[in-house]
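Next come the chains, spelled out residue by residue.
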Amino acid sequence: QVQLAESGGGLVQAGGSLRLSCAASGRTFSLYNMGWFRPAPGKEREFVAAISRSGGSTVYADSVKGRFTISRDNALKPVYLQMNRLKPEDTAVYYCAASRSMRIGTFEYEYDNWGQGTQVTVSS
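Here's what I pulled together on the structure shown here. (Residues numbered from 1 in each chain as written. Predicted model: local features only at pLDDT ≥ 70, side-chain atom pairs only at ≥ 80, totals over all residues. Heavy atoms only, no water.)

### As for the overall build of the protein
In step 1: When helices and strands are counted, the protein shows 0 helices and 11 strands.
In step 2: Reading the helices (α) and strands (β) of the protein from amino to carboxyl end gives β-β-β-β-β-β-β-β-β-β-β.
In step 3: Expected size for 124 residues packed as a compact globule is a radius of gyration near 14 Å; at 13 Å, the protein falls within 12% of this value.
In step 4: Along the first, second and third principal axes, the C-alpha atoms of the protein reach 40 × 30 × 25 Å.
In step 5: Taken over 124 residues, the protein has a buried fraction of 44%.
In step 6: Intrachain contacts of the protein at a sequence separation of at least 6 include 58% that bridge at least 24 residues.
In step 7: Put simply, the protein shows about 6,400 Å² of open surface, and 49% of that area lies on carbon and sulfur atoms.
In step 8: Computed over 14 positive and 10 negative side-chain charges, the separation of the two mean positions in the protein equals 7 Å. (Helix = DSSP H or I, 4+ residues; strand = E, 2+ residues; numbered from the N terminus. Rg over C-alpha atoms; globule rule 2.2 N^0.38 Å. Buried < 20%, exposed > 50% of the residue type's maximum accessible area, 1.4 Å probe, protein only. Contact = heavy atoms within 4.5 Å. Areas by Shrake-Rupley, 256 points an atom, 1.4 Å probe, with all protein chains shown as cover. Lys, Arg positive; Asp, Glu negative; His and termini not counted. Charge placed at Lys NZ, Arg CZ, Asp CG, Glu CD.)

Take a look at the structure:
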């Protein structure tokens, strides 16, 4: 098990930027693929972005591709989600999640550990 804690949310105007952080406890953090999710109509959470254990591979939802960047440096540092050119429809609680799956998951059920979420509000 790994404990996750998100930070960095806040209120920003449309077109602005925010950087979310996901800090993890435990020495096994490097064994997990990491993802970011947010609630969506008709779903509990929708996929936003994910990164492999090594940081060498990333996957993005079409809605954020080209605007958001997920990154990680090593097992001792947080996973980041850099969000640029934010839109009002990006407003949501953003959740960090960890997965032991072999593939980089894009579905909620593939993730075993979840943080409490951080609120992002984009004003028009």
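Read on, since the account is not over.
### Concerning the sheet that holds strand β1 (residues 4-7)
In step 1: Pairing within the open sheet is antiparallel, and its 4 strands lie in the order β1-β3-β8-β7. Strand pairing shows two members of the sheet lacking a second neighbour, β1 and β7 (68-72), which therefore form its edges. Taking each pair of neighbouring strands and ignoring which way they run, the sheet shows an average axis angle of 15°.
In step 2: Sheet analysis places β7 next to strand β8 (residues 79-83), joined by 5 bridges and oriented antiparallel. (Pairing = 2+ DSSP bridges. Axes fitted to C-alpha atoms, helices over the stretch in contact; angles between N-to-C directions.)

### Things to note about unusual backbone geometry
In step 1: Residues other than glycine seldom take positive phi values, yet Arg85 does so here, at roughly 50°.
In step 2: Turning to its location among the elements, Arg85 is positioned in the loop between β8 and β9 (92-99).
In step 3: Residue class for Arg85 comes out partly exposed when judged on its relative accessible area of 49%.

### Description of the state of the cysteines
In step 1: Evaluated as defined, the whole model comprises 1 disulfide.
In step 2: Across a sulfur-sulfur distance of 1.9 Å, Cys22 and Cys96 are joined as a disulfide pair. One disulfide, between Cys22 and Cys96, carries an S-S torsion of -75° and so falls in the left-handed class. Of this pair, Cys22 sits in strand β3 (residues 18-24) while Cys96 sits in strand β9; the two residues are 74 residues apart in sequence, bridging distant segments of the chain.
In step 3: Using a relative accessible area of 0% as the deciding quantity, one classes Cys22 as buried. (Disulfide = S-S within 2.5 Å.)

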